[in-house]
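# Coordinates in review
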Amino acid sequence: MILIVDFGSQVTQLIARRVREAHVYCEVVPFFRAAEAIARLRPHGILLSGGPASVTEAAAPALPPAVLEAGVPVLGICYGQQALVQALGGEVQAGPAREFGRAEVEVVAEVPILEGIWAPGERHVVWMSHGDRVERLPEGFAVIARSEGAPHAFIADPARQIYGVQFHPEVAHTPDGARLIEAFVRDIARAPADWSMASFRQTRIEAIRAQVGAGRVICGLSGGVDSAVAAVLVHEAVGAQLTCVFVDHGLMRLHEAEQVTRLFRDHYNIPLVAVDASERFLSGLAGVTDPEAKRKFIGKTFIDVFEEEAGRIGGADFLAQGTLYPDVIESVSFAGGPSVTIKSHHNVGGLPERMQMALVEPLRELFKDEVRALGRELGLPEAFVGRHPFPGPGLAIRIPGEVTREACDILRHADAIWLEEIRAAGLYDSIWQAFAVLLPVRTVGVMGDGRTYDRVCALRAVTSVDGMTADVFPFEPAFLQRVATRIVNEVRGINRVVYDYTSKPPGTIEWE
């Protein structure tokens with residue numbers, strides 16, 4: 001396997017994606033847990049991530065000695081390269097000019113890792129994001145490629161199999177980056193390419209059985225793909241020890257509660273308790289306008305409902321939920337490292353101390369597309385596995401401002417029209433996520449001979465691979481005009497429709 005040492009980069013998880021795409025298993029640990037992880041896992045190779053700090057600062061994370069003592073190939077990326085250089089006796093300084101975005105590197109030497117990818121004399125596009133740069137190489141290192149802002153953009157000590165790049169090969173903006181990472185893990189580190197969704201399924205089933213033992217598990221179904229896949233996987237592992245609880249919080253899409261109930265009761269024959277808690281959630285959200293306050297209330301209330309239902313079914317020892325890797329990354333660092341919090345997620349952060357249930361999170365290390373692949377491996381219907389992501393807090397974070405039952409009903413209707421038109425145009429599977437947002441804005445309109453003063457609906461549709469970055473879907477103007485006309489004509493309470501053209505970053509996919 002490959003170990004990824006996290007120095008706090010927001011794109012560390014993309015390194016893991018590239019390694020898994022090469023069919024090699026990997027794990028991510030923060031730099032301060034590297035020594036323990038190396039001793040426990042005995043990796044074939046180690047990748048060092050970027051990070052927000054500067055190695056020139058006294059309090060900056062340093063390269064753990066265990067990385068070099070392991071005697072395995074190492075590849076440092078951005079901050080990881082600089083930490084390597086500093087630890088080995090080289091020098092890093094603040095550069096005369098920062099280098100962010102697209103850059104070109106010139107290849108000046110041959111090295112085994114680049115065989116069949118880059119050759120001396122060639123120039124290649126990469127993605128840079130750095131202020132500091134390497135000024136003096138440690139003994140034994142040579143320059144392999146350089147850019148205008150980074151004279152040591154790619155360095156190597158082939159004898160010790162230590163490599164460092166100033167650019168980010170893990171991001172899509174470095175076209176050959178995935179090949180470089182694959183060459184490191186497969187050709188240099190010689191890690192076996194035996195990781196697949198079938199092998200993940202089997203190892204995770206064994207892990208669930210080992211964790212749960214003879215205990216009882218309660219699984220919270222949100223209506224989305226993540227919790228559904230988690231439930232089916234846990235059921236395959238422990239069978240009748242699992243009871244699923246579906247909480248209808250009144251914040252679901254149109255007819256979603258009925259669809260989830262049919263799937264689990266009829267198709268999988270998994271014990272399912274359906275709870276209509278819509279009044280409890282909506283009354284609790286009355287007057288709440290802060291996005292974080294909404295998320296925290298919904299998360300707490302979910303836990304309260306699960307606790308009550310666990311008591312009704314005779315108690316449970318474990319709570320299973322569909323927490324994903326991006327959920328964890330955006331809430332806190334994956335394993336406690338120094339990443340910056342973007343937003344909290346309702347199913348991240350553990351359980352109240354009063355509860356006697358432990359968490360079972362079988363998907364915690366997977367990306368969304370990997371969860372879909374696991375769902376197919378488990379035999380879930382394609383119509384369900386291929387559904388667009390839906391957030392745990394539901395429509396509450398698609399209604400900026402106060403959430404009311406009336407607002408939810410208006411939004412449900414508009415959202416259903418939007419998705420219906422996308423499906424009719426054959427575009428649904430080309431889009432990562434599409435949804436409507438009901439804005440806390442009223443505008444003047446004219447309908448018939450009368451003046452209206454109603455709400456504004458924003459439409460959102462993006463393409464993405466893993467939800468960590470996203471681009472706007474380029475609809476034809478005539479399509480958007482047709483959808484807008486339908487929504488204004490058919491949804492009472494909306495008189496204006498806009499389309500959100502913001503990518504991620506700088507925006508997030510959801511509005512709150």
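The structure presented is a predicted model; accordingly, all values stated were derived computationally and were not measured.

Parameters at a glance
- Residues numbered from 1 in each chain as written.
- Predicted model: local features only at pLDDT ≥ 70, side-chain atom pairs only at ≥ 80, totals over all residues.
- Heavy atoms only, no water.
- Helix = DSSP H or I, 4+ residues; strand = E, 2+ residues; numbered from the N terminus.
- Buried < 20%, exposed > 50% of the residue type's maximum accessible area, 1.4 Å probe, protein only.
- Contact = heavy atoms within 4.5 Å.
- Areas by Shrake-Rupley, 256 points an atom, 1.4 Å probe, with all protein chains shown as cover.
- Lys, Arg positive; Asp, Glu negative; His and termini not counted.
- Charge placed at Lys NZ, Arg CZ, Asp CG, Glu CD.
- Pairing = 2+ DSSP bridges.
- Axes fitted to C-alpha atoms, helices over the stretch in contact; angles between N-to-C directions.
- Expected span 1.5 Å × (residues − 1).
- Polar contact = N/O pair within 3.5 Å; in protein donor to acceptor, adjacent residues only side chain to side chain.
- Left-handed = near helix turned anticlockwise from the far one by under 90°.
- Nonpolar A, V, L, I, M, F, W, Y, C, P; charged D, E, K, R; others polar.
- Phe/Tyr/Trp six-rings, centres within 6.5 Å; stacked < 30°, edge-to-face > 60°.
- Core = buried A, V, L, I, M, F, W, Y, C linked by side-chain atoms within 4.5 Å.
- Right-handed = clockwise from strand over helix to strand, strands pointing away.
- pLDDT = per-residue confidence, 0-100.

With that out of the way, let us pick up the overall build of the chain. Looking only at helices and strands, the chain features 15 helices and 18 strands. Here the C-alpha coordinates of the chain stretch approximately 75 × 60 × 40 Å along the principal axes. Within the chain, buried positions represent 59% of all 512 residues. Nonlocal contacts in the chain, meaning residues at least 24 apart in sequence, comprise 74% of its contacts between residues at least 6 apart. If you sum the accessible surface of the chain, you get close to 20,900 Å²; carbon and sulfur atoms cover 50% of it. Measuring between centres, the 49 positive side-chain charges of the chain sit 3 Å from its 64 negative side-chain charges.

Read from one edge of the open sheet, 5 strands run β12-β11-β10-β13-β14, paired in parallel fashion. Only two strands of the sheet have a single partner each, and these edge strands are β12 (272-276) and β14 (358-360). The sheet shows a mean angle of 25 degrees between the axes of neighbouring strands, direction not considered. Two elements, strand β10 (residues 217-221) and strand β13 (residues 318-320), share 3 bridges in a ladder whose sense is parallel. The partner of I218 across the bridge, within β13, is L319. On top of the sheet, helix α6 (residues 197-212) reaches β10, β13 and β14; it is set at about 165 degrees to β14, its chief contact. Contacts from helix α7 (residues 225-238) reach β10, β11 (242-248), β13 and β14, with the element oriented near 160 degrees to β10.

This next bit is on helix α10 (residues 291-312). Between its first and last C-alpha atoms α10 spans 32 Å; for 22 residues at 1.5 Å apiece the expected length is 32 Å, and the two agree. Every buried residue of α10 is listed here: K294, R295, I298, G299, T301, F302, I303, D304, V305, F306, E309 and A310. On its buried face, α10 is in contact with β10, β11, β12, α9 (278-285) and β13. The N-capping residue of α10, defined by a side-chain oxygen 3.2 Å from the backbone nitrogen of E292, is D290.

Our focus in this paragraph is the packing of helix α14 (residues 405-424) against helix α15 (residues 477-490). Interhelical geometry of α14 versus α15 gives an angle of 150 degrees and a closest axis separation of 10 Å. Here α14 and α15 pass one another in a crossing that is right-handed. Contacts from H413, A414, I417, W418, E420, E421 and I422 of α14 reach α15 at F479, L480, R482, V483, R486, I487 and E490. Counted by class, the contact of α14 with α15 contains 8 nonpolar, 1 polar and 5 charged residues.

Turning our eyes to something else, we now look at the environment of A35. Mapped onto the elements of the fold, A35 is located in helix α2 (residues 34-41). On the accessibility criterion, A35 (46% relative accessible area) is partly exposed. Considering only alpha carbons, one finds A35 and A70, 35 residues apart in sequence, at a separation of 9.1 Å.

Before going further, it helps to spend a moment on the packing of aromatic side chains. The final tally for this structure, using the stated rule, is 15 aromatic pairs. Aromatic side chains W418 and Y499 sit 6.3 Å apart centroid to centroid with 65 degrees between the ring planes, which places their arrangement in the edge-to-face category. One end of the pair, W418, is in helix α14; the other, Y499, is in strand β18 (residues 494-499), and 81 residues separate them in sequence. The buried category is assigned to W418, whose relative accessible area is 0%. What makes Y499 buried here is its relative accessible area of 14%. Counting every residue linked through ring pairs, the aromatic cluster contains W418, F473, F475, F479, Y499 and Y501.

Below, the discussion takes up the nonpolar core. Burial of nonpolar side chains together is a common tendency in soluble globular proteins. Membership of the largest hydrophobic core comes to 50 residues, with the highest contact counts inside it found for L251, W418, F475, I487 and Y499. Put simply, the parts of the chain that give this core at least two residues each are β11, α9, α10, α14, β15 (433-447), β16 (450-463), α15 and β18. For this core, the element with the highest residue contribution is α14, accounting for 9 residues. Within the second largest apolar cluster, 42 residues are counted, among which are W195, C219, V225 and L363.

Our focus in this paragraph is the pairing of β11. Buried residues dominate β11, accounting for 6 of its 7 residues. Note that β10 and β11 share 5 bridges and pair parallel. In the sheet register, L221 faces β11, and the bridge partner there is F246. Taken together, β10, α7 and β11 form a β-α-β motif whose crossover is right-handed.

Bringing the confidence of the model for the chain into the picture now. Summing up the model confidence of the chain, the mean pLDDT is 89 and the portion of residues at 70 or higher is 93%. Counting contacts from residues 331-350, a segment whose pLDDT is below 50, to residues more than four positions away or on other chains yields 62 contacts.

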